[in-house]
Amino acid sequence: MAGSKARAYWTLTKPRVVALIVFTALVGMFLAVPGLPPARESVFGLLGIWLAAASAAAINHLIDQRIDKVMARTAHRPLATGALRPVQVLVFALALGAASMAILVLLVNPLTAVLTFASLIGYAVVYTGFLKRATPQNIVIGGIAGAAPPLLGWAAVTGMTGQWDWAHALLLVLIVFVWTPPHFWALAIFRREDYARALVPMLPVTHGVAYTRWQILIYTVLLVVITLLPVAIGMSGLFYLGGAVVLGLVFLWYAWRLLDPPDEFFAMRMFNYSVVYLMALFAFLLVDHWLLPWLPGAGGVAGGLDWQRVG
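Let us look at the structure shown here.

Conventions adopted
- Residues numbered from 1 in each chain as written.
- Predicted model: local features only at pLDDT ≥ 70, side-chain atom pairs only at ≥ 80, totals over all residues.
- Heavy atoms only, no water.
- Helix = DSSP H or I, 4+ residues; strand = E, 2+ residues; numbered from the N terminus.
- Buried < 20%, exposed > 50% of the residue type's maximum accessible area, 1.4 Å probe, protein only.
- Polar contact = N/O pair within 3.5 Å; in protein donor to acceptor, adjacent residues only side chain to side chain.
- Contact = heavy atoms within 4.5 Å.
- Salt bridge = Lys/Arg side-chain N within 4 Å of Asp/Glu carboxyl O.
- Axes fitted to C-alpha atoms, helices over the stretch in contact; angles between N-to-C directions.
- Parallel < 35°, antiparallel > 145°, perpendicular 65-115°, else oblique.
- Left-handed = near helix turned anticlockwise from the far one by under 90°.
- Nonpolar A, V, L, I, M, F, W, Y, C, P; charged D, E, K, R; others polar.

### Concerning the side chain of Ser100
Move 1: Topologically, Ser100 is positioned in helix H6 (residues 86-107).
Move 2: Note on Ser100: relative accessible area 0%, which makes it buried.
Move 3: A distance of 2.7 Å separates a polar side-chain atom of Ser100 from the backbone oxygen of Gly48.
Move 4: With near-sequence residues (within four places) excluded, Ser100 lies in contact with Gly48, Leu51, Ala52 and Thr116.

Written out as structure tokens, the structure is:
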């Protein structure tokens, strides 16, 4: 019994989604400074960001409990099945959020706490509570909250006091922000009947699948262009450039092929690739910035310890 309850609470935190959030925050930390980021700010920063993301996920479960019951993708969630009661989820979410803010304020810095709190409210309240049901552009407008983790990680280890901190951190945010629509709309195409049944105005429901496919292609082209900007401004080097180009070309192939897909499941294959794409892209950023400079002969454009590249 205790084990099933623990699994239900763990499910509330959306662990796979939160893992991607924490990873992008971690990369933001490493890109923010030359060498290793400070240990205390990194450990407690990641813990605070994880707790805030988990709190937002639990609030998402609470607000979406009605639609979760009628969607096949979410019918197994703890509130939908009755494994947990709403008051239990609310207390759990508030406890996680309070712990997150305490850790970030006391052990990291107040700015990171403020930015993390704004991100939590943006996703849990503004997106889930309002935008999701109000407009087919919900994932675009609300995507800024989900794109914030690299900025949160950057702020945790620097306090955003460097000359180029905001510009570089916000470029990482922009990458995640533009990645979000093609990532999520691919899923929405596959699950469009679910969203229609739940009366959620996702783009494939309101504007049709063909229109959504073209929007995915447009955003994917924009994404590939934006992922070249870290190299253009000297933030990253040739190793990242090669990875970004290859990953981007594959993403473009998926988006183009989705215009006339071979089967109904192709949208889900693109969705799954989009997750791998973002993780790999940020991994290339990390390797280019921090790991490559330690290799014999590394330096120059690929030298991630160059102060000019980190402001």
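### A short note on the pattern of salt bridges
Move 1: All told, the structure shown has seven salt bridges when counted by the stated rule.
Move 2: Put simply, Arg197 and Asp194 hold a salt bridge, and the shortest N to O gap is 2.3 Å. Note that Arg197 and Asp194 are positioned in helix H12 (residues 192-197) at a spacing of three residues, about one turn of the helix.
Move 3: Taking relative accessible area as the criterion, Arg197 reaches 47% and is therefore assigned partly exposed.
Move 4: Ionic pairing is found between Arg269 and Asp263, a salt bridge with its closest N-O pair at 3.0 Å.
Move 5: On the accessibility criterion, Asp263 (32% relative accessible area) is partly exposed.
Move 6: Residues joined by salt bridges that share partners form a network here, namely Asp64, Lys132 and Arg133.

### Observations regarding the packing of helix H3 (residues 39-63) against helix H7 (residues 110-134)
Move 1: Here H3 crosses H7 at 20°, and the two axes come no closer than 9 Å. Considering their axes alone, H3 and H7 lie roughly parallel with respect to each other. For the element pair H3 and H7, the recorded crossing hand is right-handed. Contacts between H3 and H7 involve Ile49, Ala52, Ser55, Ala56, Ala57, Ile59, Asn60 and Ile63 from the former and Thr116, Leu120, Tyr123, Ala124, Thr128, Gly129, Lys132 and Arg133 from the latter.
Move 2: Broken down by class, the residue content of the contact of H3 with H7 amounts to nine nonpolar, five polar and two charged.

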